[in-house]
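# Close look at the chain arrangement
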Number of protein chains: 6
Amino acid sequence: MNDLLRKPRKVYVSRKIEFNAAHRLFNPLCTEEQNIALYGKCSNSYGHGHNYLLEITLCGIVDMQTGFLFDLKELKSILEYEITARFDHKHLNHDVPELQNCIPTTEVLAILIWDILEERLLTINNQELVLHEVTIHETGKNSVRYRGE
Amino acid sequence: MNDLLRKPRKVYVSRKIEFNAAHRLFNPLCTEEQNIALYGKCSNSYGHGHNYLLEITLCGIVDMQTGFLFDLKELKSILEYEITARFDHKHLNHDVPELQNCIPTTEVLAILIWDILEERLLTINNQELVLHEVTIHETGKNSVRYRGE
Amino acid sequence: MNDLLRKPRKVYVSRKIEFNAAHRLFNPLCTEEQNIALYGKCSNSYGHGHNYLLEITLCGIVDMQTGFLFDLKELKSILEYEITARFDHKHLNHDVPELQNCIPTTEVLAILIWDILEERLLTINNQELVLHEVTIHETGKNSVRYRGE
Amino acid sequence: MNDLLRKPRKVYVSRKIEFNAAHRLFNPLCTEEQNIALYGKCSNSYGHGHNYLLEITLCGIVDMQTGFLFDLKELKSILEYEITARFDHKHLNHDVPELQNCIPTTEVLAILIWDILEERLLTINNQELVLHEVTIHETGKNSVRYRGE
Amino acid sequence: MNDLLRKPRKVYVSRKIEFNAAHRLFNPLCTEEQNIALYGKCSNSYGHGHNYLLEITLCGIVDMQTGFLFDLKELKSILEYEITARFDHKHLNHDVPELQNCIPTTEVLAILIWDILEERLLTINNQELVLHEVTIHETGKNSVRYRGE
Amino acid sequence: MNDLLRKPRKVYVSRKIEFNAAHRLFNPLCTEEQNIALYGKCSNSYGHGHNYLLEITLCGIVDMQTGFLFDLKELKSILEYEITARFDHKHLNHDVPELQNCIPTTEVLAILIWDILEERLLTINNQELVLHEVTIHETGKNSVRYRGE
């Protein structure tokens, strides 16, 4: 089977999930005025929110037997456990322990998700599979990509 | 000019705007358990959020001189004043006076926006122009339409 | 609570789900030539497929206590049972008993889904809630709406 | 075949096409200042342009033999002849005879397309098929619908 | 003409096309149980289907005379011949000779399309033009990229 | 604050804006026939137009104090001044001085926007911030990326 896979083929597989969360951009070490200068209406006291669209990309050699890079059912359950359970329908400033000492910008969120998923992928018995990219679309206009660099 | 408009033509003009807000579905008259049964994770204490996509539709006869139903520059400034300033980057439960005695479901939000815009349109000197529909997309999957019925 | 709901408010609530299915447009009562004339490449022997995007719209009076038209968690489970389990990852010509004596055009599919959901909603103890519209997007270009007319 | 069609079923079938055109909003009977007051930067001398997304909706009873409202191959060729050939890659103010005495607003364009398609559908031998709606999305934010009213 | 192109400029030009196809993920060398364990409902007997969205990206130096990387009319006709004719409205397991000995996962499909297009581009008299990337979106959530690595 | 930023993290931040413009692909040094052979209907005399969707990507190390790569409010105002004011509601062949000696293909436009933004970013006091990519989507099907190579 899968003659096309006789030579090793490196592919990039992406999966999108959405989570709905609130956040507030506010630095407690700065004055109210400094926060407004820095973060504008993103620093409003009770926070606002987004439908965050997360796209994660894995990279590696396609498995010759299955024709898959990685079992999407397994990926789906990893994302449910690591991402949805942690971030969906949460207030990022109050409900996410990993962000307690952080300002939850999209940049910081992309980096945290990379760190979480990279560590989780280490527990999978597949040395060739690597996390390639984490992209978060905060709105239809703004997005941040992180590649572990 | 505008021969095509010699007979009156009734059109529907829609404009979309987005606002990013947090909300919490929680009824203070019910117990914590009742709230969880009703609203699930939407009742989490600090709220979560959405990129709300609002589409409003006006209806009326096209103006024979301008070829417009209504000046989009004026509509844009009405929406900025009535919608963006009121809802964008806000926590609907804490920051919007009109929602203080309400559970900010998408249904309630659509109705409130209808009431606000319908009253505002009355101040415009155009008897034939009416608000036809307010639609809110809370996520890419869920939306609510209200037509003043 | 919910002062805005003191007077009855009729809203339209829509929910989208996707199912991935194969189909073949072929009338066994016609010749091969007639089928090709009618259905073109849609009559290819083994079928082809689509990511069908289904949007269903319910209509009724918003509940004054909850601020909901209908509990979305319940709607979600109805759609999973009635639609996803029946159509997702299926070949419409072979795997769906209700379509055995039908040509599975998008029109026919929209009508079948209306019939299924309308019957299912009768079992719900809410006389004011009605099915308003079923829309199927077969591709990004083609869609069919049915309203029970 | 098509047991579901034993009783007449009225459906709405929509098809989307895109055309890329330039236009300028300018009334030669007004002064330059009046045009700027009315149309702002839309009155710039040489025009600007859009990827116009047109959605047309037909309505009628599904054919019991074919399971179609109308043959999409035929609709496609009508739209190519009546819409694409007339508007695509054109400057609406200079290249479209039907718009010579008009200000090509989206409202006017929707009305013109309705008139063209309604007349064209009369030549089709199907008394039950009617044009239901013409929608033009000028941008992702603005759209106009016309229903022949 | 084209002063901006006096120094060589390397650009990436992408074109999207869609094809609607059925497929089944099933390995005839495995038992039914193994197939279900591996592929779940994707192994259903008659297959299911997708609106596959293909994006291909070419890379090279912009031509100083034309301002193009490559004539889009020619690219369009190549894609029609090599992709649409081969995959559109087909059942990938039955109708595509190149996939007869393969499990038609999205990974395998992306690799096959790369191989087809790379060979086809060799016949074009432009040494500097290379295929850069093939991306297939199987659904709005899952996609696979291949870059010939 | 921002423990996650104790080690330097390189991110890619993208922002999308749209501008609506007309253009004509025509080389005055060639004959009418040559222009038609090269550019087809894109060479029509008065031009046609597009909703150009521009996505620019910046790259650099996240600021440990703010959690931002770059202040989005500042980026927004740069794009308004450099892009919207220059290209929006313009005819690229007539109204944009920088394109006077160019054929305004999407390739050329992407390169020009890169050159403009790269020079503008030099005036910002942040040595680590670089322009990474400029992408223009001319339609939903065609796009061009330029990375300064």
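Given the structure is predicted, the values throughout are model-derived calculations rather than measurements.

Right, let's get into the overall build of chain A. Looking only at helices and strands, one finds 4 helices and 5 strands in chain A. From first element to last, N terminus to C terminus, chain A shows the α and β order β-α-β-α-β-α-α-β-β. The C-alpha extent of chain A, read off along each of the three principal axes, is 65 × 25 × 25 Å. Expressed as a percentage of its 149 residues, the buried residues of chain A come to 58%. Restricting the contact set of chain A to residue pairs at least 6 apart, pairs at least 24 apart contribute 71%. Surface accessibility of chain A: about 6200 Å² in total, with carbon and sulfur atoms responsible for 50%. One finds the centroid of the 16 positive side-chain charges in chain A at a distance of 7 Å from the centroid of its 21 negative side-chain charges.

Turning next to the interface of chain A and chain E. Tallying the contact residues gives 27 residues for chain A and 26 residues for chain E. For the chain A and chain E pair, buried surface summed over both sides reaches about 2400 Å², with 51% attributable to carbon and sulfur atoms. Summed over the shared surface of chain A and chain E, the number is 2 salt bridges. Salt-bridge contacts for Glu149 of chain E lead to Lys10 of chain A; the nearest nitrogen and oxygen are separated by 4.0 Å. Counting the contacts that link chain A with chain E gives 16 residue pairs in polar contact (both at pLDDT 80 or more). Of all the secondary-structure elements, those providing two or more residues to the side of chain A that touches chain E are β1 (10–23), β2 (48–61) and α2 (72–87) of chain A. Sort the elements by how many residues they give to the side of chain A that touches chain E and β1 of chain A lands first, with 7 residues. Across the side of chain A that touches chain E, the residue classes tally to 12 nonpolar, 7 polar and 8 charged. As paired strands, β1 of chain A and strand β5 (residues 142–146) of chain E are joined by 5 bridges and run antiparallel to one another. Bridge pairing in β5 of chain E places Ser14 of chain A opposite Ser143 of chain E.

Next up on the list: the packing of aromatic side chains. Summed over all chains, the structure comprises 24 aromatic pairs over all chains. For the ring pair Trp114 of chain C and Tyr146 of chain C, a centre distance of 5.6 Å and an interplane angle of 80 degrees mean the geometry is edge-to-face. Pair noted here: Trp114 of chain C is in helix α4 (residues 106–122) and Tyr146 of chain C is in strand β5 (residues 142–146), with a separation of 32 residues, a long-range link. Tyr146 of chain C sits in the buried class, given a relative accessible area of 2%. Members of the aromatic cluster, each reached through a chain of ring pairs, are Phe19, Tyr52 and Phe87 of chain A. Stacked on the ring of Phe26 of chain E, the Lys or Arg Arg24 of chain E has its end atom at 3.8 Å from the ring centre. In this arrangement the basic side chain of Arg147 of chain F is found over the ring face of Tyr12 of chain E, its NZ or CZ atom lying 5.1 Å from the centre.

Turning next to the packing of α2 of chain A against helix α4 (residues 106–122) of chain A. Two measures define how a pair of helices packs: the angle their axes make with one another and the distance between the axes. Residues and elements named next belong to chain A. Between α2 and α4, the shortest axis-to-axis distance is 11 Å and the interhelical angle comes to 145 degrees. Note on packing geometry: the crossing formed by α2 with α4 is right-handed. Contact with α2, carried on its side by Ile78, Leu79, Glu82, Ile83, Arg86 and Phe87, involves Leu109, Leu112, Ile113, Ile116, Leu117 and Arg120 of α4 and no other residues of that element. Classifying every residue of the contact of α2 with α4 gives 9 nonpolar, no polar and 3 charged.

Of the residues lining the interface, 21 residues belong to chain D; the matching set on chain F comes to 21 residues. Carbon and sulfur atoms supply 53% of the area that chain D and chain F bury against each other, a total of about 1700 Å² over both sides. Among the residues chain D hides against chain F, the three largest losses belong to Tyr46, Asn51 and His89 of chain D. Together they make up 34% of the total. Counting across the chain D and chain F interface gives 2 salt bridges. With its nearest N and O atoms 2.6 Å apart, the salt bridge here joins Lys41 of chain D to Asp88 of chain F. Elements that contribute at least two residues to the side of chain D that touches chain F include exactly β1 (10–23), β2 (48–61), β3 (90–91) and α3 (92–95) of chain D. In the side of chain D that touches chain F, the residues fall into 4 nonpolar, 11 polar and 6 charged.

Moving on: the relation of the copies chain D and chain F. Between chain D and chain F, which share one sequence, the superposing operator has a rotation angle of 180 degrees and an axial displacement of 0.0 Å; the RMSD is 0.0 Å. Taken together, the turn and the small shift mark the pair as related by a two-fold rotation axis.

The subject of this paragraph is the environment of Glu74 of chain D. All names here are of chain D. Inspection of the secondary structure puts Glu74 in helix α2 (residues 72–87). Taking the relative accessible area as the measure of exposure, Glu74 reaches 35% and is therefore partly exposed. Residues Glu74 and Leu112 lie 38 residues apart in sequence; the distance between their C-alpha atoms is 21 Å.

Right, let's talk about the relation of the copies chain A and chain E for a bit. Between chain A and chain E, the superposition needs a rotation of 120 degrees and an axial shift of 0.0 Å, giving an RMSD of 0.0 Å. Taken together, the rotation angle and the small translation identify this as a three-fold axis. Relative to the rotation axis, the C-alpha of Gly140 of chain A is the closest in chain A, positioned 8.7 Å from it.

Residue and element names in this part refer to chain B. Tallied over the full model, the rule gives 60 salt bridges over all chains. For the salt bridge of Arg147 with Glu133, the shortest nitrogen-to-oxygen distance reads 2.5 Å. Of this pair, Arg147 sits in the segment after β5 (142–146) while Glu133 sits in strand β4 (residues 130–137); the two residues are 14 residues apart in sequence, bridging distant segments of the chain. What makes Arg147 partly exposed here is its relative accessible area of 26%.

So, about the environment of Leu38 of chain B. On the secondary structure map, Leu38 of chain B appears in helix α1 (residues 32–39). Classification of Leu38 of chain B by relative accessible area gives partly exposed; the value is 27%. On a C-alpha basis, the gap between Leu38 of chain B and Phe26 of chain B in space is 8.8 Å, while along the polypeptide they are 12 residues apart. Excluding anything up to four places from it in sequence, Leu38 of chain B contacts Thr66, Phe68, Asp71 and Lys73 of chain C.

Residue and element names in this part refer to chain F. Among the 8 residues in strand β4 (residues 130–137), 6 count as buried, and that is most of the element. Relative to β4, strand β2 (residues 48–61) is paired through 7 bridges, and the arrangement is antiparallel. If you follow Glu55 over to β4, its bridge partner there is Thr135. Taking the residues that link successive antiparallel strands as the turn, the β4-strand β5 (residues 142–146) hairpin has 4 residues.

All names here are of chain A. An ideal rise of 1.5 Å per residue puts 22 Å on 16 residues; α2 measures up with 21 Å between its terminal C-alpha atoms. Roughly 35 degrees is the biggest bend found in α2, and it falls at Glu80. What α2 keeps buried is the set Leu75, Ile78, Leu79, Glu82, Ile83, Arg86 and Phe87. Where α2 is buried, its residues touch β1, β2, β3 (90–91), α3 (92–95) and α4. A distance of 2.9 Å separates the backbone nitrogen of Lys73 from a side-chain oxygen at the start of α2, and that oxygen is part of Asp71. Following α2 by one or two positions, His89 adopts a phi angle in the positive range, close to 60 degrees.

Another point: the arrangement of the chains. A minimum C-alpha distance of 15 Å separates chain A and chain C, which share no contact. Chain E makes no contact with chain B, the minimum C-alpha separation between the two being 12 Å.

Residues and elements named next belong to chain A. For His89, which is not glycine, the phi torsion reads 60 degrees and is therefore positive. Looking at the secondary structure, you find His89 in the loop between α2 and β3. Residue His89 is classed as buried on the basis of its relative accessible area, which comes to 8%.

Once that is clear, we can look at the pairing of strand β1 (residues 10–23) of chain F. Residues and elements named next belong to chain F. By the criterion of burial, β1 is predominantly enclosed, with 11 of the 14 residues buried. By the bridge criterion, 14 bridges tie β1 to β2 in an arrangement that is antiparallel. If you follow Arg15 over to β2, its bridge partner there is Ile56. Across 2 bridges, β1 lies against strand β3 (residues 90–91) in parallel orientation. The residue of β3 that forms the bridge with Ala21 is Lys90.

Thresholds, definitions, all that
- Residues numbered from 1 in each chain as written.
- Chains lettered and ligands numbered in written order.
- Predicted model: local features only at pLDDT ≥ 70, side-chain atom pairs only at ≥ 80, totals over all residues.
- Heavy atoms only, no water.
- Helix = DSSP H or I, 4+ residues; strand = E, 2+ residues; numbered from the N terminus.
- Buried < 20%, exposed > 50% of the residue type's maximum accessible area, 1.4 Å probe, protein only.
- Contact = heavy atoms within 4.5 Å.
- Areas by Shrake-Rupley, 256 points an atom, 1.4 Å probe, with all protein chains shown as cover.
- Lys, Arg positive; Asp, Glu negative; His and termini not counted.
- Charge placed at Lys NZ, Arg CZ, Asp CG, Glu CD.
- Buried area = accessible area lost by both parts, 1.4 Å probe.
- Salt bridge = Lys/Arg side-chain N within 4 Å of Asp/Glu carboxyl O.
- Polar contact = N/O pair within 3.5 Å; in protein donor to acceptor, adjacent residues only side chain to side chain.
- Nonpolar A, V, L, I, M, F, W, Y, C, P; charged D, E, K, R; others polar.
- Pairing = 2+ DSSP bridges.
- Phe/Tyr/Trp six-rings, centres within 6.5 Å; stacked < 30°, edge-to-face > 60°.
- Lys NZ or Arg CZ within 6 Å of the ring centre and 35° of its normal.
- Axes fitted to C-alpha atoms, helices over the stretch in contact; angles between N-to-C directions.
- Left-handed = near helix turned anticlockwise from the far one by under 90°.
- Least-squares fit on C-alpha atoms with pLDDT ≥ 70 in both.
- Expected span 1.5 Å × (residues − 1).
- Bend = angle between axes of the 7 residues up to and from the residue.

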